[in-house]
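# Topology and contacts: notes
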Amino acid sequence: MSDDDLVFKALADPIRRVLLDALFERDGRSQSDLEEVVREHTEMTRFGVAKHLRLLEEANLVVTRKEGRTKLHHLNPVPIRAIHDRWIGKYTAARTSALLDLKRVLEDDEP
């Protein structure tokens, strides 16, 4: 599986996106901290959260560092930027931007 495929697979799951958002808000969290964040959205075991974190690590979206007995998780935004540059950036040309602006104006005028 290519690096891009691993990133897309990791981003496809809503729980993994919640984990990434939590790390974006505050980097360097323990698994226990991240479990609490996940529990705000759904019921999940410690093992379920660990599995999601492992997939994020495999996609290189999360890197870990041991600090004493605690394993801290840090966001690595580089793969997301690479996806943006490769797949999203080329679709955000002026033409696309103008169409989105028009869509927003039309939606704002709805009763």
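One structure accompanies this document, and this report is about it. All figures in this text were calculated on a predicted structure; none of them were measured in a lab.

### Description of the pairing of strand E2 (residues 70–75)
Looking at chain direction, strand E1 (residues 62–67) and E2 are connected through 6 bridges and run antiparallel. Note that in E2 the partner of Thr64 across the bridge is His73. Between E1 and E2, which pair antiparallel one after the other, the connecting turn spans 2 residues, and Gly68 there sits at a positive phi close to 70°.

### Remarks on the side chain of Arg29
Within the element layout of this structure, Arg29 appears in the loop between helix H2 (14–25) and helix H3 (31–39). In terms of polar contacts, Arg29 uses its side chain to reach the backbone carbonyl oxygen of Arg26, at 3.0 Å.

### Considering the packing of aromatic side chains
Counted by the stated rule, this structure contains 1 aromatic pair. A centroid spacing of 6.5 Å and a plane angle of 70° characterise the contact between Phe8 and Trp87, whose relative ring orientation is edge-to-face. Note that Phe8 is positioned in helix H1 (residues 3–12) and Trp87 in helix H5 (residues 78–88), a separation of 79 residues in sequence. The residue whose ring lies beneath Arg86 is Trp87, and the NZ or CZ to ring-centre distance is 4.0 Å.

### Thoughts on the pattern of salt bridges
If the charged atoms of two oppositely charged side chains come close together, the side chains can form a pair. All chains considered together, the criterion is met by 8 salt bridges. Of the charged contacts in the structure, one is a salt bridge between Arg26 and Asp33, with a shortest N-O distance of 4.0 Å. Taking relative accessible area as the criterion, Asp33 reaches 26% and is therefore assigned partly exposed. Of the charged contacts, one joins Lys103 and Glu107 as a salt bridge, the two residues approaching to 2.7 Å between their closest N and O atoms. You can see Lys103 and its partner Glu107 sitting in helix H6 (residues 94–108), 4 residues apart, about one turn around the helix. Judged by relative accessible area, Lys103 falls into the partly exposed class, the value being 44%. One salt-bridge network, held together by shared partners, links Glu35, Arg39 and Arg46.

### Describing the nonpolar core
What tends to happen in soluble globular proteins is that the nonpolar side chains get buried as a cluster. If you look at the biggest cluster of nonpolar residues, it comprises 19 residues, and the most contacted ones within it are Leu19, Leu20, Leu34, Leu53, Leu56 and Leu61. Going through the elements one at a time, H1, H2, H3 and helix H4 (46–58) are the ones with two or more residues in this core. Examining the composition of this core, we find that 6 residues originate from one element, H2, more than from any other. Setting aside residues up to four positions removed in sequence, Leu56 forms contacts with Ala10, Arg16, Leu19, Leu20, Leu61 and Val62.

### A few points about the packing of H2 against H3
Running from N to C, H2 and H3 point in directions that differ by 125°, and their axes come no closer than 10 Å. When the interaxial angle is binned, H2 and H3 end up oblique. At the point where H2 passes H3, the crossing takes the right-handed sense. Residues Ile15, Val18, Leu19, Ala22 and Leu23 of H2 pack against Leu34, Val37 and Val38 of H3.

What counts, and where the lines are drawn
- Residues numbered from 1 in each chain as written.
- Predicted model: local features only at pLDDT ≥ 70, side-chain atom pairs only at ≥ 80, totals over all residues.
- Heavy atoms only, no water.
- Pairing = 2+ DSSP bridges.
- Helix = DSSP H or I, 4+ residues; strand = E, 2+ residues; numbered from the N terminus.
- Polar contact = N/O pair within 3.5 Å; in protein donor to acceptor, adjacent residues only side chain to side chain.
- Phe/Tyr/Trp six-rings, centres within 6.5 Å; stacked < 30°, edge-to-face > 60°.
- Lys NZ or Arg CZ within 6 Å of the ring centre and 35° of its normal.
- Salt bridge = Lys/Arg side-chain N within 4 Å of Asp/Glu carboxyl O.
- Buried < 20%, exposed > 50% of the residue type's maximum accessible area, 1.4 Å probe, protein only.
- Core = buried A, V, L, I, M, F, W, Y, C linked by side-chain atoms within 4.5 Å.
- Contact = heavy atoms within 4.5 Å.
- Axes fitted to C-alpha atoms, helices over the stretch in contact; angles between N-to-C directions.
- Parallel < 35°, antiparallel > 145°, perpendicular 65-115°, else oblique.
- Left-handed = near helix turned anticlockwise from the far one by under 90°.

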